[in-house]
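Coordinate analysis (summary)
As a plain string of letters, each chain reads:
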Amino acid sequence: MDTTPAPLKTPPSAGHGPSAVAASGLVKSFGSVKAVTGVDLHVAQGEIVAFLGPNGAGKTTTIDMLLGLSAPDGGTVEVFGESPRSAIAHGLVSAVLQTGGLLKDISVRETLDLTASLFADTRPVAEVMERAGITEVADRRVGLCSGGQQQRLRFAMALLSDPGLLILDEPTTGMDVEGRRSFWNAIRADAARGRTVLFATHYLEEADEYADRIVLMSRGRIVADGTTASIKNLVSGRVVRATLPGADQLGLGAMPGVDQVELKGDRVVIHTKDSDTLVRHLLTQTPAHDVEVTAQNLESVFLALTSDAPPSVSAESTTPEGYRS
């Protein structure tokens, strides 16, 4: 059987270059709880976008609206220029969700055969199993598969319709390190063919490593949107780490430019806007050694932006001065 991947399925209007996702002013409430408040999200075809935010930020609710599983109370959403349900009906969108959707008493191959029977046109089952890395467990009952294998099965199911947009909601939850690496290798290889990927994750290193762009949500709205590098630049300053037994936490915290001082045993971690002055002080006025200076990482930016919920920052304006009121 020829398992060479065919060109990706594209919408009839693809020649005019519609966005893979175009959402404007999305609002969704559940009773008195405002889950999403005015989200604007535009994803170009071929982008890999990480969707980040703490629990309750509105990520899953937004994804449900993109998939047509929930209707917005306000605003509009289109996928490849169509309504979400229309795009899904045309096989242009697939999703890999955290749980559910699997029958535990049939085999992996039978699961894919059953799923393929629901579509008028699909990729070969052997092809999607190979691309998802589950060929060796094709005859294994789903209930006997590991959590990582079941997630790769969901990935294979999503690939059957050869969608232009793949939405992943916390796809590696519960996987061990090797399972996560294997899953993302499969996703990355598939995305290299030009598929648009939007994924929500709480593993920040996944977003840092695999995304072209990061969209950060907090309290129902987007607070930052841009490349990984530009997102990291939103929080100024650097992180200084040093070995300093008996460190004077209050004294270090009072130094010019210092925002935060953490003690971890004999190690001190200092967030500062003036790393040169701080390092000079540590090396000349204290017995500090093993001094390291690093730029802000994605975790520190994530904590800073979601803790205080600052005004939104767009992809075109991802600097501290670019905050909008």
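Right above here is the structure, for reference.
Conventions used here
Residues numbered from 1 in each chain as written. Predicted model: local features only at pLDDT ≥ 70, side-chain atom pairs only at ≥ 80, totals over all residues. Heavy atoms only, no water. Helix = DSSP H or I, 4+ residues; strand = E, 2+ residues; numbered from the N terminus. Contact = heavy atoms within 4.5 Å. Areas by Shrake-Rupley, 256 points an atom, 1.4 Å probe, with all protein chains shown as cover. Pairing = 2+ DSSP bridges. Axes fitted to C-alpha atoms, helices over the stretch in contact; angles between N-to-C directions. Core = buried A, V, L, I, M, F, W, Y, C linked by side-chain atoms within 4.5 Å. Buried < 20%, exposed > 50% of the residue type's maximum accessible area, 1.4 Å probe, protein only. Parallel < 35°, antiparallel > 145°, perpendicular 65-115°, else oblique. Left-handed = near helix turned anticlockwise from the far one by under 90°. Nonpolar A, V, L, I, M, F, W, Y, C, P; charged D, E, K, R; others polar.

**Thoughts on the overall build of the protein**
Scanning the protein for helices and strands turns up 11 helices and 13 strands. Excluding contacts between residues fewer than 6 apart, the proportion of contacts in the protein whose partners are at least 24 apart in sequence is 70%. Surface accessibility of the protein: about 15100 Å² in total, with carbon and sulfur atoms responsible for 51%.

**Here we look at the sheet that holds strand 4 (residues 74-79)**
The strand order across the open sheet built from 3 strands is 2-1-4, with neighbouring strands paired in antiparallel fashion. On the outer flanks of this sheet lie strand 2 (33-43) and strand 4, each paired with one strand and no other. Averaged over all neighbouring strand pairs, the angle between strand axes comes to 25°, with direction disregarded. Both strand 1 (residues 21-30) and strand 4 contribute to a ladder of 5 bridges, which runs antiparallel. When the bridges of strand 4 are listed, Ala22 appears paired with Glu78.

**A short note on the sheet that holds strand 5 (residues 93-96)**
What holds strands together in a sheet is hydrogen bonding between their backbones, with the strands either parallel or antiparallel. Taken in spatial order, the 6 strands line up as 5-6-7-3-8-9 in an open sheet, and their pairing is mixed. With partners counted over all chains shown, the strands left at the sheet margins are strand 5 and strand 9 (221-226), one partner each. Direction aside, neighbouring strands of the sheet carry axes that sit 15° apart on average. Here strand 3 (residues 48-52) runs beside strand 7 (residues 196-200); their pairing, made up of 4 bridges, is parallel. If you follow Ala50 over to strand 7, its bridge partner there is Phe199. Sitting on the sheet, helix 5 (residues 147-159) touches strand 5 and strand 6 (165-169), and the angle it makes with strand 5 is about 175°. Against the sheet, helix 6 (residues 177-191) makes contact with strand 3, strand 6 and strand 7, and its axis sits at roughly 160° relative to strand 6, the strand it touches most.

**A closer look at the environment of Arg109**
Along the polypeptide, Arg109 turns up in helix 3 (residues 108-116). Measuring from C-alpha to C-alpha, the distance between Arg109 and Val137 comes to 8.5 Å, with 28 residues separating the pair along the chain. In contact with Arg109, not counting residues within four places along its chain, are Val125, Met129, Ala138 and Asp139.

**A closer look at the nonpolar core**
Among soluble globular proteins, nonpolar side chains are generally buried collectively. By size, the foremost hydrophobic cluster in this structure holds 49 residues, and its most contacted members are Leu52, Leu112, Ile134, Phe155 and Phe199. For this core, the element with the highest residue contribution is helix 5, accounting for 6 residues. Dropping the residues within four chain positions of it, Phe199 is found in contact with Ile48, Val49, Ala50, Phe51, Leu168, Trp184, Glu206, Ala207, Tyr210 and Ala211.

**Considering the packing of helix 3 against helix 4 (residues 125-132)**
Helix packing geometry: the angle between the two helix axes and the distance between the axes. For the pair helix 3 and helix 4, the least separation of the axes is 10 Å and the interaxial angle reads 125°. Regarding the angle of helix 3 to helix 4, the classification is oblique. Along this stretch, helix 3 crosses helix 4, giving a crossing that reads as right-handed. Where helix 3 approaches helix 4, its residues Val108, Arg109, Leu112 and Asp113 are matched on the opposing element by Val125, Val128 and Met129. Grouping the amino acids of the contact of helix 3 with helix 4 by side-chain chemistry returns 5 nonpolar, no polar and 2 charged.

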